Amino acid sequence: MIAAPSNMPRDGSPILEVDSLTRQFGGLVAVNDVSFSVRKGEILGIIGPNGAGKTTLFSLISGFMKPTKGEVRFCGERITGLTPNRIAEKGLARSFQITQAFGNMTIRDTVTAASLLRRPLIEAQQHADSILDETGLWKKRNEFSTSLSPQDQKLLEVAKCLATDPLLILLDEVMAGLTLAEAEVPLAIVRLLHARGISFVLIEHVMPIVMKTAERIIVLNFGQKVGEGTPEEIVRLKDVKDAYFGEEVDA
Ligand SMILES: Nc1ncnc2c1ncn2[C@@H]1O[C@H](COP(=O)(O)OP(=O)(O)OP(=O)(O)O)[C@@H](O)[C@H]1O
Ligand SMILES: [Mg+2]
């Protein structure tokens, strides 16, 4: 685990603050004036229909895209405009919805490469090995990432995040496409890491998972934040009910 930065927030204080974040693609406003914060030690869920702007929001926060407007602060420090590498060094990790697998690298090498962010090679390999063990990927360490099942590719995304010793992890649909039973594997890992003090933002479409995992949820639609609250509050929002539950939820 990395040494906590001197400006590390206390539990319950904001670790991530997003202010009026906006990203336009030509005439399309993919993320429109979105503001929210994540408290240290919190699991925040983000839901919203396809094309709502969820992945774009993660790309803006993690430095992979520049915002048209707005600001992001991490541990109280402005990180808007920093490179993804600098942001990762500060302790903010992000998984990719479309797995960023390097076909010509083994699982072990892929996680070791992420671990090199903070360690020399031999230590990075040892660190990667402990993460592969923890995430259940050890037996597959010598396979190529492209040969993994979709479920294991998602676990590899989590393992790559972990290898950078994050304080906050942004997970983009790591449980998508899994059955509820299969999702228990990544969920158990999230719970374990959360118990160790790592904060999370989870983008998820699988509502039963986000409902039972997130302490608070924000809802995006057409780039805008249209709801924010506890899972119990969110399930009562009419738009969310219509979009996700139809008539079946007894709210
Ligand atoms: N690089 C880009 N150039 C142009 N338009 C983009 C780009 N990236 C995303 N968009 C558009 O921005 C909108 C938001 O896309 P985004 O991928 O953030 O949605 P999402 O909520 O993650 O959707 P999904 O649930 O399908 O993953 C969509 O209309 C998408 O087509
Ligand atoms: Mg997406």
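Residues numbered from 1 in each chain as written. Chains lettered and ligands numbered in written order. Predicted model: local features only at pLDDT ≥ 70, side-chain atom pairs only at ≥ 80, totals over all residues. Heavy atoms only, no water.

Some words on the sheet that holds strand S2 (residues 28-39)
- Pairing within the open sheet is antiparallel, and its four strands lie in the order S2-S1-S4-S5. With one partner strand each, in any of the chains shown, S2 and strand S5 (77-78) form the two edges of the open sheet.
- Here strand S4 (residues 69-74) runs beside S5; their pairing, made up of two bridges, is antiparallel. Pairing of Phe 74 across the sheet is with Glu 77, part of S5.
- Helix H1 (residues 54-61) rests against strand S1 (14-25), S2 and S4 of the sheet, and its axis sits at about 115° to S1. (Pairing = 2+ DSSP bridges. Helix = DSSP H or I, 4+ residues; strand = E, 2+ residues; numbered from the N terminus. Contact = heavy atoms within 4.5 Å. Axes fitted to C-alpha atoms, helices over the stretch in contact; angles between N-to-C directions.)

Looking at the nonpolar core
- Counting 31 residues, the largest nonpolar core has Val 111, Leu 137, Ile 169, Leu 171, Met 175 and Phe 200 as its most contacted members.
- Put simply, the parts of the chain that give this core at least two residues each are helix H3 (107-115), helix H4 (121-134), helix H5 (150-162), strand S7 (168-172), helix H6 (180-195) and strand S8 (199-203).
- At six residues, the largest contribution of residues to this core is made by H5.
- Ignoring sequence-local partners within four residues, the contact set of Val 111 consists of Ala 128, Ile 131, Leu 132, Leu 156, Ala 159 and Ala 163.
- Core analysis: the next-biggest nonpolar cluster, separate from the first, contains 28 residues, Leu 16, Val 31, Ile 79 and Leu 220 among them. (Core = buried A, V, L, I, M, F, W, Y, C linked by side-chain atoms within 4.5 Å. Buried < 20%, exposed > 50% of the residue type's maximum accessible area, 1.4 Å probe, protein only.)

Things to note about empty space enclosed by the protein
- As enumerated under the stated definition, the model contains one cavity of 30 Å³ or more in all.
- In this structure, the largest cavity occupies an estimated 40 Å³ of space.
- Around the largest cavity, the lining residues are Leu 60, Ile 61, Gly 63, Met 65, Lys 66, Pro 67, Ile 79, Thr 80, Gly 81, Leu 82 and Ile 87. (1 Å grid on protein atoms, 1.4 Å probe; cavity = no way out; pocket = protein on both sides within 12 Å on 5 of 7 lines; lining within 4 Å. Points joined across faces, edges and corners; volume = space filled by probe spheres on them.)

Overview of the coordination of the magnesium ion (ligand 2)
- Around the magnesium ion (ligand 2), the donor atoms from the protein are Thr 55 (OG1) and Gln 97 (OE1), and they sit 2.0 to 2.1 Å away. With Thr 55 in helix H1 and Gln 97 in the loop between strand S6 (92-94) and H3, this residue pair connects regions lying 42 residues apart in the sequence. (Donors = N, O, S within 2.8 Å, 3.2 Å for Na, K, Ca; no water.)

Quick look at the site of ligand 1
- Around ligand 1 sit 14 residues, and of these Gly 51, Lys 54, Thr 55, Thr 56 and Gln 97 come closest.
- At a separation of 2.6 Å, an oxygen atom of ligand 1 approaches a polar side-chain atom of Thr 56.
- Between an oxygen atom of ligand 1 and a side-chain N or O atom of Gln 97, the distance comes to 2.8 Å.
- Protein burial of ligand 1: of its 640 Å² of free accessible surface, 63% is covered by the chains.
- Among the cavities detected, the one that contains ligand 1 is the second largest pocket.
- Elements supplying a minimum of two residues to the shell around ligand 1: S2 and H1.
- Among the elements that take part in the shell around ligand 1, H1 stands out by supplying three residues, more than any other. (Near = heavy atom within 4 Å. Polar contact = N/O pair within 3.5 Å; in protein donor to acceptor, adjacent residues only side chain to side chain. Areas by Shrake-Rupley, 256 points an atom, 1.4 Å probe, with all protein chains shown as cover. Sits in = over half its atoms within 2 Å of the grid points.)

Examining the packing of aromatic side chains
- For the structure on display, the rule yields one aromatic pair.
- Aromatic side chains Phe 64 and Phe 96 sit 5.1 Å apart centroid to centroid with 90° between the ring planes, which places their arrangement in the edge-to-face category. Residue Phe 64 is located in the loop between H1 and S4, and its partner Phe 96 is located in the loop between S6 and H3; the two are separated by 32 residues in the primary sequence.
- Judged by its relative accessible area of 44%, Phe 64 falls in the partly exposed class.
- Exposure remark for Phe 96: the relative accessible area of 18% places this residue in the buried category. (Phe/Tyr/Trp six-rings, centres within 6.5 Å; stacked < 30°, edge-to-face > 60°.)

Examining the layout of surface pockets
- Taken as a whole, the largest pocket spans an internal volume of roughly 460 Å³.
- Lining the largest pocket are 21 residues, with Phe 64, Phe 96, Ala 114, Lys 160 and Thr 164 sitting closest to its centre.
- Listed by contribution, the elements that provide at least two residues to the lining of the largest pocket are helix H2 (84-89), S6, H3 and H5.
- In terms of residues, the lining of the largest pocket owes the most to one element, H2, which gives four residues.
- By residue class, the composition of the lining of the largest pocket is 13 nonpolar, five polar and three charged.
- Considering only enclosed or pocket space, the second largest pocket measures out at about 210 Å³ in volume.
- Together, 17 residues line the second largest pocket, and Asn 50, Gly 51, Ala 52, Gly 53 and Lys 54 are the ones closest to its centre. (Nonpolar A, V, L, I, M, F, W, Y, C, P; charged D, E, K, R; others polar.)

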